[in-house]
Amino acid sequence: MIEVRNLRKVYTMGEEELAALAGVDLDVGRGEYVAVIGPSGSGKSTLMNILGGLDRPTSGDYRFEGEDVAHFTDDELADFRRRRIGFVFQSFQLLPRLSALQNVELPMIYAGLPRDERRARAAELLERVGLGGRMGHRPTQLSGGQQQRVAVARSLANRPDLLLADEPTGALDTQTSRDVLKLFDELNADGLTLMVVTHDPEVAAEARRRISFRDGLIVSDERAEQPA
């Protein structure tokens, strides 16, 4: 699914240049569950942003099922994100004045789905993440774990090929984190490709493959036959 070759991302800070990615090679197959780990500033979130079409590499190649994402125009990148990628963030990023149902509907509005179709799918997704009884609640009426479940449902709205999660349990307590990770496990078992960026070894241990970053480079790439 993902083919990355010699990917570099360089930020200019005054007269200095900072290489967030220093020449990364990576392949990820469809259906994999990958954890990307490393200390702050190691390049893991930069990689996720590029893979999700939120940022562009300075140089190198990135292909997603043959599509040359690294050289997409702005409009092509926006379409790529809408068609192929789902995002889950630590801060949930729900709109506070919208209900859970409306938050999940939002990506489908941008995709042009008819109202009845998107409302039915949003309800189905909220049922799937265990929030069928909270559809009309606004984010402030939900716990942190419930808000993250809404965010996961929203990320699935347009049937993405790849789900990218950046520190998805960072703002959650231990039990709620386990509930979210169980949901990720179920999604992966259904065939969804997942990439989770985390500094938490317990979160990383749930993945089938663990990639470690340091100083903008991959320093280890380990696979597990079974989830830990």
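A short tour of the structure in this document, coming up. Just so it is clear, the model here is predicted, and its values are computed rather than measured.

**Digging into unusual backbone geometry**
Only a minority of non-glycine residues have a phi that is not negative, and only a minority of peptide bonds are not trans.
Then step 1. Of note in this structure, Glu65 is not a glycine but carries a positive phi near 45°.
Then step 2. Mapped onto the fold, Glu65 is located in the loop between β4 (59-64) and β5 (67-68).
Then step 3. At Asp215, a position not held by glycine, the phi torsion is positive, near 55°.
Then step 4. Structurally, Asp215 is set in the loop between β9 (209-214) and β10 (217-223).

**A few points about the packing of aromatic side chains**
Then step 1. Going through the model one piece at a time under the given rule, you end up with three aromatic pairs.
Then step 2. The interplanar angle of 80° and the centroid separation of 5.3 Å between the aromatic rings of Phe64 and Phe80 together place this pair among those described as edge-to-face. Here the residue Phe64 occupies a position in strand β4, and Phe80 occupies one in helix α2 (residues 74-84), the gap between them amounting to 16 residues. Here the two residues Phe64 and Phe80 agree in accessibility, since each one is buried.

**With respect to the sheet that holds strand β6 (residues 85-89)**
Then step 1. In spatial order, the strands read β6-β7-β8-β3-β9-β10; together these six strands make up an open sheet with mixed pairing. Strands at the two margins of the open sheet, each flanked by one partner only, are β6 and β10. Along the sheet, successive strands turn relative to each other by an average axial angle of 15°, direction set aside.
Then step 2. Two strands pair when backbone bridges link them, and strand β3 (residues 33-37) and strand β8 (residues 193-198) are joined in this way by five bridges, in the parallel orientation. Looking at β8, one finds that Ala35 is bridged to Val196.
Then step 3. The strands touched by helix α5 (residues 144-155) are β6 and β7 (162-166); relative to β6, the strand with the most contacts, the crossing angle is about 170°.

The rules behind the values
Residues numbered from 1 in each chain as written. Predicted model: local features only at pLDDT ≥ 70, side-chain atom pairs only at ≥ 80, totals over all residues. Heavy atoms only, no water. Helix = DSSP H or I, 4+ residues; strand = E, 2+ residues; numbered from the N terminus. Phe/Tyr/Trp six-rings, centres within 6.5 Å; stacked < 30°, edge-to-face > 60°. Buried < 20%, exposed > 50% of the residue type's maximum accessible area, 1.4 Å probe, protein only. Pairing = 2+ DSSP bridges. Axes fitted to C-alpha atoms, helices over the stretch in contact; angles between N-to-C directions. Contact = heavy atoms within 4.5 Å.

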